[in-house]
Amino acid sequence: MKPFHDGRLVVIAALAAAGSGCIASAAARRDPVFPTASVVANQPMGVAKGIYPGRVVWVHDPTAVNQACVVDAPGHGWYLSENNNQAVIDGMVSMALRNLAGSNSDAGAWDAILRYHNAARGKGAVGYTSGEKVFIKINATSAWDGNFDPVELTPDAYISETSMGPVLSVLRQLVGVVGVSQQDIYVGDPMKHIYKHLYDVWHGEFPGVHYLDNGGYESLGRESVVPSTTAIIHYSDRGTILMTDPGDQPVNQDYLYTVFEDAEYLINIPMLKGHMRAGMTMFAKNHFGSQTRVDASHLHGGLVAPAEAPNVTRGTYGLYRVQVDILGHSLLGGKNLVYLMDALWATDYELDVPLKWQMPPFNNGYSASLFASLDPVAIESVGYDFLRSEFTAERVPAAGTYVQMPAVDDYLRQAADSANWPVTIMYDPDNSGLPLGSLGTHENWNNAASMQYSRNLDPAGTGIELIQAGQNTRTERLADQTAGTGGTAAFSVVAIGTTPLTYQWQRQAAGSQGWTNLSDGATYAGSTTSTLTVSGAALQMNGDQFRCVVTSAVGPSVTSNAAVLDVVIVPTILLQPASCAAGAGARVLFSVLATDPSALSYQWLKDDADIPGATAAVLALPSVGAADAGVYTVYIRNATGGSITTAGAVLAVSAQAFAAPPSALTNISTRAQVGTGAGIMIAGFVVGGTGAKPLLIRAVGPALTGFDPVGLNAGVVLANPVLQLTKSDGTALLSNEGWGGDPAIAAAAAGAGAFALPPGSSDAAMVVTLPPGAYTALVTGKNGATGVALVEVYDLDTSAASRLVNISTRVQAGTGAHSLIAGFVVAGSGARNVLVRAVGPSLTPFDPTDFGPAVVLADPQLELTGLSGQVLGSNDDWYSDNGAAIAAAAAAVNAFTLEVGSKDAALLSSLGPGAYTPVVSGKDGGTGIALVEVYEAP
């Protein structure tokens, strides 16, 4: 072999061989010996990247290479087709991609990888677009003057570098699976050359691909690379560490080649090996050849041994490392689609021939491996663990120990976590003014025998997950599932292996030890597919475990891990948030009403993103603008783990500024006799406008005695009111019996100007925020008791864009203390047209049984008074006075029609701000069921 040191060719040894025998040449080695590096196991740092964060896939197949190869035999070198089994390598690349993406097809794997990568770059979760260019960056370390035949570009050196097999596999994948046109693919090491044996194989199958070269070999089918005038990498030491050699001039930046600008995706395929200056060379170090100077000597100052081992002058942690800038640059690490590492012929340092590895599972065989990841730090960390575990002092003189130099992994620690940066350095290779974030996760395995990282030891780990993939089938980890009672849960297994695959789901009941095969029926569906659906989940199924046995066309069956079914009681949503449209500047409220036996927690989301601090049942937007427009949902969770997300409520915000109406109805109250059956008190109200409305609703009985002890004594009032809130369709929402001195209710009453209820009284009350719609408050007596009661509805937020638009009460109208007395308030600064009706006879068509002529108030009389008791208007027989206008107003507010000539009463008045009292009585002392209504009129 003829490796070169510092640009000088050094002939170490050569063994002539007629064929590919089993003994590689060896010579007396003069490599320095470094003691085995000391590391701390399983201490992850940084933020893991990838579809499966921190995943590194390792595929090892000894048959991928000729294990009997004499690596430097003239005419039969390791790098030739005869020593590489392309069919096996193709399978290894396929297996690596599938396990990396968790897919059982190459197409599915590429789609997942592309979508992940594009989403991470801010392009959205999109796949490949026709015309996008791909650059495959290889490692051609020996392709330098003096190491090859300049006429045919055949190598004289036998050192390890990117081999033909993985690149050919990737070309087949890109063209045949992803659908990339050959004309959109570029291959090369921009500072170096592509040897004849590589070009002949790659070009022979893919003649349309661009094969890049640095030496003007267009006559041999190569294309010369073009230096860029705009693509720059800015070194974060800012000229304090990196220097030219010779000259010792500060180096602040380098230009890259135009291929890095033009390509949308980069696939970096280095060879795994140690290094005499860096300790090891993989993806970061492979980009030393991506800048446009004649060599990379000016970058050596950022390594542990700038002048080459044994001169380790920068072997302490926390120094500037140029590899971090490379991994973090937008055109280098930023464009890297997938990290694929060629370890078919891995070795101890960059200028050595491939060596046979001693550690298991290699057992004195060539490494014959591939590694893949979407996390650049994780895959280099795994490579470091392999190199440092193999090339130790015990291998000397058979191998160099450069990987054991101190601080070799310093750049990985810094790339993972800025806490490891030098205090004077801020890594910003794009000169954006912003520091790099974590580029991935770094940790060291527990030991070389078991090769376990934190995510291998615990699914909740935060570091690396090393997957050893082979020809046998494996499954991704099944996730536990949660279902509400009566709901469904789906367990899906991702199995990767030779198709066709067959599936059989099994169940182990909670508390039992045996597994039973499942079959389809009322409870289970998909029992022999990749997805099992469990329907009608019951509480007794809580804790059941499920697993899947997968059988491939070849090899033994594999059983997934067991996943647990948690069956919980899901919160019940009584009122979903309601969509609304508002003018700019409006105060908008969203609300949800849910119930559950345990405590509830809330998290509001806008366009599926959490809203910080929005953790109550009501979300208030004080002054909406264009940025507030979107879809609002609430994630609700109970104390037992049950959860549910509401339907989306859309907020549309118009450019026209919101203008509050000059006046509005704010409160309703009705005092009357509460009976049973048709004689219970029913108060109705409608929330209109934009957004939800916070309300105080009360049913007052005992507290009335303080207002008129003679007429409303304890024997007359309703002793124990029961208040129930329902939707207009009768769906029950909330109820209360005895308000219990609730501080929130007391505060709401004080804020609304309502009289105080005694803390220990049996009156009923509730505070609730309701979206737009029609609601009913029903007042009954406990155990069928009767008596006089007062029902009240107060508006607690008059600044909101929502309002009360009509109010009504249906109740028994009597005489004296049992008279039907309603009340309402017009708030604001302007007059409001108000339609007030007292309906008796017209109730009969709604329910002739309960509302026959003998039950309803036969001839209601209506009187409207102001706060001081002055009579503002009265009516008996509605159509006799302003009937046409009253009918038109009723139609405009969607009130039901009163028959012309009926004995019902009505008034249409323009009322200024203030409190008003409609009094309903029966003509000639008549009694019966009546409905009093107040509408905002046009």
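Procedures and definitions
Residues numbered from 1 in each chain as written. Predicted model: local features only at pLDDT ≥ 70, side-chain atom pairs only at ≥ 80, totals over all residues. Heavy atoms only, no water. Helix = DSSP H or I, 4+ residues; strand = E, 2+ residues; numbered from the N terminus. Rg over C-alpha atoms; globule rule 2.2 N^0.38 Å. Buried < 20%, exposed > 50% of the residue type's maximum accessible area, 1.4 Å probe, protein only. Contact = heavy atoms within 4.5 Å. Areas by Shrake-Rupley, 256 points an atom, 1.4 Å probe, with all protein chains shown as cover. Lys, Arg positive; Asp, Glu negative; His and termini not counted. Charge placed at Lys NZ, Arg CZ, Asp CG, Glu CD. Pairing = 2+ DSSP bridges. pLDDT = per-residue confidence, 0-100. Arc of directions from axis to C-beta. Salt bridge = Lys/Arg side-chain N within 4 Å of Asp/Glu carboxyl O. Axes fitted to C-alpha atoms, helices over the stretch in contact; angles between N-to-C directions. Parallel < 35°, antiparallel > 145°, perpendicular 65-115°, else oblique. Expected span 1.5 Å × (residues − 1). Core = buried A, V, L, I, M, F, W, Y, C linked by side-chain atoms within 4.5 Å. Polar contact = N/O pair within 3.5 Å; in protein donor to acceptor, adjacent residues only side chain to side chain. Phe/Tyr/Trp six-rings, centres within 6.5 Å; stacked < 30°, edge-to-face > 60°. Left-handed = near helix turned anticlockwise from the far one by under 90°. Nonpolar A, V, L, I, M, F, W, Y, C, P; charged D, E, K, R; others polar.

Participant: Is there a simple way to explain the overall build of the chain in this structure?
Facilitator: On a plain count of helices and strands, the chain comes out with twelve helices and 56 strands. Its C-alpha atoms give the chain a radius of gyration of 40 Å, clearly above 30 Å, the size a compact globule of 938 residues would have. If one aligns the C-alpha atoms of the chain with their principal axes, the spans along those axes are about 130 × 65 × 50 Å. Out of the 938 residues belonging to the chain, those deemed buried represent 54%. If you take every contact in the chain between residues at least 6 apart in sequence, the share linking residues at least 24 apart comes to 75%. Carbon and sulfur atoms make up 54% of the accessible area of the chain, which amounts to about 35100 Å² in all. For the chain, the separation between the mean place of its 47 positive charges and that of its 78 negative charges on side chains is 2 Å.

Participant: How should I be thinking about the sheet that holds strand S27 (residues 531-534) in this particular structure?
Facilitator: The pairing of strands in a sheet comes from backbone hydrogen bonds and takes either a parallel or an antiparallel form. With respect to topology, three strands assemble into an open sheet ordered S22-S27-S26, the strand pairing being antiparallel. Of all strands in the sheet, those bounded by a partner on one side alone are strand S22 (489-492) and strand S26 (524-525). Where S22 lies against S27, four bridges are found, and the strand directions are antiparallel. Residue Ala490 lies in a different strand from S27, and its bridge partner there is Thr533.

Participant: What is the right way to read unusual backbone geometry from this model?
Facilitator: Keep in mind that most residues, glycine aside, have a negative phi and that most peptide bonds are trans. In this model, Ala309 is joined to Pro310 through a cis peptide bond whose omega is 15°. Within the secondary structure, Pro310 is located in the loop between helix H6 (283-286) and helix H7 (322-328). Even without being a glycine, Asn364 presents a positive backbone phi close to 65°. Mapped onto the elements of the fold, Asn364 is located in the loop between strand S16 (336-347) and strand S17 (369-373). One non-glycine residue, Met451, lies in the positive phi region at around 55°. You can see Met451 is positioned in the loop between strand S18 (441-442) and helix H10 (454-457). Overall, the relative accessible area of 7% leaves Met451 in the buried class.

Participant: Please explain the confidence of the model for the chain as it appears in this structure.
Facilitator: Atomic detail in the predicted coordinates should be set aside for any region of low pLDDT. Looking at the chain, pLDDT values average 92 and 97% of them are 70 or higher. This stretch, residues 1-28, has a pLDDT under 50; its non-local contacts, to residues over four places away or in other chains, come to 68 contacts.

Participant: Hey, could you run me through helix H11 (residues 743-752) in this one?
Facilitator: Owing to its 3.6 residues per turn, the α-helix brings residues three or four apart onto one side. Where H11 is concerned, the buried positions are Ile745, Ala748 and Ala749. Along the axis of H11, the buried positions cluster into a sector of 100°, meaning they face one direction only. The exposed residues of H11 that point more than 90 degrees off its buried face are Pro743, Ala747, Ala750 and Gly751. For H11, the secondary structure elements touched by its buried residues are strand S43 (693-700) and strand S46 (764-770).

Participant: Could you clarify how one ought to interpret the side chain of Lys192 in this entry?
Facilitator: For Lys192, the position within the fold is in the loop between strand S8 (185-188) and helix H4 (196-205). Asp189 is the oppositely charged side chain nearest to the buried, salt-bridge-free Lys192, at an N-O distance of 5.2 Å. Residues within four places of Lys192 in sequence aside, it is in contact with Ala140, Thr141, Ala143, Trp144, Asp213 and Asn214.

Participant: Which parts of the structure should I look at to understand the packing of helix H2 (residues 106-120) against helix H3 (residues 164-178)?
Facilitator: Helix-helix packing: each pair is described by the crossing angle between the helix axes and the interaxial distance. Running from N to C, H2 and H3 cross one another at 95°; their axes reach a closest spacing of 10 Å. Between H2 and H3, the angle falls in the class roughly perpendicular. Residues Asp106, Ala107, Trp110 and Leu114 of H2 lie in contact with H3, whose contacting residues are Gln173, Leu174, Val177 and Val178.

Participant: Where do I start with helix H1 (residues 86-101) in this structure?
Facilitator: Between its terminal C-alpha atoms H1 stretches 23 Å, which fits the 22 Å expected from 16 residues at 1.5 Å a residue. Across the 16 residues of H1, 13 count as buried, placing the element largely inside the fold. Once H1 finishes, Gly102 follows within two positions and takes phi at roughly 70°, a positive value.

Participant: Which parts of the structure should I look at to understand the nonpolar core?
Facilitator: It is characteristic of soluble globular proteins that their nonpolar side chains tend to be buried jointly. Formed by 143 residues in total, the largest nonpolar core has its most connected members in Ile136, Leu171, Leu174, Val187, Trp202, Phe371 and Phe386. Those residues in contact with Trp202 that sit more than four places away from it in its chain are Ile138, Ser163, Met164, Val167, Leu168, Leu171, Val187, Ile194 and Tyr211. Core analysis: the next-biggest nonpolar cluster, separate from the first, contains 50 residues, Leu575, Met766, Ala777 and Val932 among them.

Participant: Would you mind going over the environment of His298 with me for this structure?
Facilitator: For His298, the position within the fold is in the loop between H6 and H7. For the pair formed by His298 and Thr281, sequence separation is 17 residues and the distance between their alpha carbons is 17 Å. Those residues in contact with His298 that lie beyond four places of it in its chain are Tyr235, Leu242, Met243, Thr244, Val251, Asp254, Gln291 and Arg293. In terms of polar contacts, His298 uses its side chain to reach the side chain of Arg293, at 3.4 Å.

Participant: Sorry if this is basic, but what is going on with the environment of Asn894 here?
Facilitator: One can find Asn894 in the loop between helix H12 (883-892) and strand S54 (905-911). In this structure the C-alpha to C-alpha distance between Asn894 and Tyr116, which are 778 residues apart in sequence, comes to 54 Å.

Participant: Where do I start with the packing of aromatic side chains in this structure?
Facilitator: The relation between two aromatic rings is expressed through the spacing of the ring centres and the mutual angle of the planes. Following the criterion strictly, the structure yields 30 aromatic pairs and no others. When the centroid spacing of 5.4 Å and the interplanar angle of 80° are considered together, the rings of Tyr199 and Tyr211 count as edge-to-face. Here the residue Tyr199 occupies a position in helix H4, and Tyr211 occupies one in strand S9 (residues 210-213), the gap between them amounting to twelve residues. On the accessibility criterion, Tyr199 (10% relative accessible area) is buried. By relative accessible area, which is 1% here, Tyr211 ends up buried. A centroid spacing of 6.1 Å and a plane angle of 55° characterise the contact between Trp445 and Tyr453, whose relative ring orientation is tilted.

Participant: Please explain the environment of Val932 as it appears in this structure.
Facilitator: Within the fold, Val932 resides in strand S56 (residues 928-936). Classification of Val932 as buried rests on a relative accessible area of 3%.

Participant: Sorry if this is basic, but what is going on with the pattern of salt bridges here?
Facilitator: Opposite charge on two side chains permits pairing when their charged atoms draw close. Counted according to the given criterion, the structure contains 27 salt bridges. When the shortest N-O distance is used, the salt bridge between Glu264 and Arg121 registers 3.3 Å. Note that Glu264 is positioned in the loop between helix H5 (258-262) and strand S13 (265-269) and Arg121 in the loop between H2 and strand S5 (134-138), a separation of 143 residues in sequence. According to the relative accessible area criterion, Glu264 is partly exposed, its value standing at 21%. The class of Arg121 is partly exposed, set by a relative accessible area of 32%. The shortest N-O distance in the salt bridge between Asp795 and Lys693 comes to 2.8 Å. Residue Asp795 is located in strand S48 (residues 787-795), and its partner Lys693 is located in strand S43; the two are separated by 102 residues in the primary sequence.

Participant: How should I be thinking about the packing of H3 against H4 in this particular structure?
Facilitator: Taken N-terminus to C-terminus, the directions of H3 and H4 make an angle of 15°; their axes are 10 Å apart at the nearest point. Between H3 and H4, the angle is such that the two are roughly parallel. Two packed elements cross with a definite hand, and for H3 against H4 that hand is right-handed. Between H3 and H4, the contacting residues are Met164, Val167, Leu168, Leu171 and Arg172 on the first element and His197, Leu198, Val201, Trp202 and Glu205 on the second. Each residue belonging to the contact of H3 with H4 can be placed in one class, and the counts come to seven nonpolar, one polar and two charged.

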